[in-house]
Amino acid sequence: MKPLNLFASAALFMAMAAPLAMTSTSVAAEGERYVLISHAPDSDSWWNTVKNGIALAGSQMGVEVEYRNPPTGDLADMARIIEQAAASNPNGIITTLADYDVLSGAIRNAVDQGINVIIMNSGSPEQAREVGALMYIGQPEYDAGHAAGLRAKGDGIGSFLCVNHYISNPSSTQRCQGFADGLGVELGNQMIDSGQDPSEIKNKVLAYLSANPGTDSILTLGPTSADPTIAALQENGMAGDLYFGTFDLGTEIVKGIKAGIINWGIDQQPFLQAYLPVIVLTNYDRYGVLPGNNINSGPGFVTKDGLTLVEKYAGEYR
């Protein structure tokens, strides 16, 4: 996709050339202001890369940027935050769409007020169109899971455990379902609702593997589930022996790939998911130009052979 390649190359160059920006706000040259709202709780460090993305874009474009989220991850609270952001009359809103039923009304109301909206990270291009957003910037989750399943099938995998730490988010289930379909097997009880407590995730993984000794692979959906799963495999002696793939990157995931515990990570490039909407919205407001399609920020497979830049910028830009 040519627009993605152009944006991604420019974003990566500027990210490496510039010092790490503050994640709060940047000084606006013309009073332009954009608000990014995520569904993530304060405890989820994966979103630090998103904060860095909007901060750098705001600094480079000379616009004010804000990051808002529900502290506990409560989606009803997130809907209220979207409404509050719209009431403050920003130039644009960038938001995740973690639950269509809970969030679509607040997003439509913002669009009806004349606020330009871009959906990022969670949701889908179809849902973005339904709520009246300009576009969707993110990773097609089912397709990413399916690609991962095909890769695992090619490596001889036939069964798996999908550790779903955010089962209420349809995108998470799409990842697991895509993986199952790529393998050509039923999802069934191979997906578990692990919750988000690290100790609980670890114990559930250990319990599943004990009850299902024929499991030959694990799929986790991000650092929240990957990090405790690494600990579980280290405890039961299966680290490095069980085929292990994960979505997203993080410090422990990168260490796991480097150590041979994790075979690959799927990078959806959260930096681009935050950086590109600010660039797109600012140029749309100023010049009326807009990419003609949604932008796929991922998936990209990261293996031990390609860790140099990923390891250097993990948790900041990757």
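Look up: the structure comes first, before these words.
All of these numbers come straight from a predicted model, not from anything done at the bench.

Definitions and cut-offs
- Residues numbered from 1 in each chain as written.
- Predicted model: local features only at pLDDT ≥ 70, side-chain atom pairs only at ≥ 80, totals over all residues.
- Heavy atoms only, no water.
- Buried < 20%, exposed > 50% of the residue type's maximum accessible area, 1.4 Å probe, protein only.
- Helix = DSSP H or I, 4+ residues; strand = E, 2+ residues; numbered from the N terminus.
- Pairing = 2+ DSSP bridges.
- Right-handed = clockwise from strand over helix to strand, strands pointing away.
- Phe/Tyr/Trp six-rings, centres within 6.5 Å; stacked < 30°, edge-to-face > 60°.

Engineer: How would you explain the pairing of strand β6 (residues 161-164) if you had to name every residue and give the values?
Structural biologist: Side chains Leu161 and Val163 of β6 all project onto a buried face; the interleaved residues Cys162 and Asn164 project onto the opposite face, where all are buried too. Direction of pairing for β6 relative to strand β8 (residues 217-220): parallel, over a ladder of 3 bridges. Bridge pairing in β8 links Cys162 to Leu219. Taken together, the 3 bridges between β6 and strand β7 (residues 191-193) define a ladder with parallel strand orientation. In the sheet register, Asn164 faces β7, and the bridge partner there is Asp193. Note that the unit made of β6, helix α7 (residues 170-183) and β7 has a crossover that is right-handed.

Engineer: I'd like a description of the pairing of strand β5 (residues 135-138), backed by residues and values.
Structural biologist: As a general feature of sheets, a regular strand has side chains that alternate between the two faces. Side chains Met135 and Ile137 of β5 all project onto a buried face; the interleaved residues Tyr136 and Gly138 project onto the opposite face, where all are buried too. Here 3 bridges tie strand β4 (residues 116-120) to β5, and the two strands are oriented parallel to one another. Residue pairing for β5: Met120 is matched across the bridge by Ile137. Remark: the β4/helix α5 (residues 125-130)/β5 crossover connection has right-handed handedness. Pairing geometry for β5 and strand β11 (residues 295-296), over 2 bridges, is parallel. Residue pairing for β11: Gly138 is matched across the bridge by Asn296.

Engineer: Describe the packing of aromatic side chains, listing the residues and the values that go with them.
Structural biologist: Under the definition given, this model contains 7 aromatic pairs. For the ring pair Phe271 and Tyr317, a centre distance of 5.3 Å and an interplane angle of 80 degrees mean the geometry is edge-to-face. Of this pair, Phe271 sits in helix α11 (residues 270-287) while Tyr317 sits in the segment after α12 (308-313), and the two are 46 residues apart along the sequence. There is no split in this pair, since Phe271 and Tyr317 are both buried. Three or more aromatic residues joined by ring pairs form one cluster here, namely Phe271, Tyr275, Tyr313 and Tyr317.

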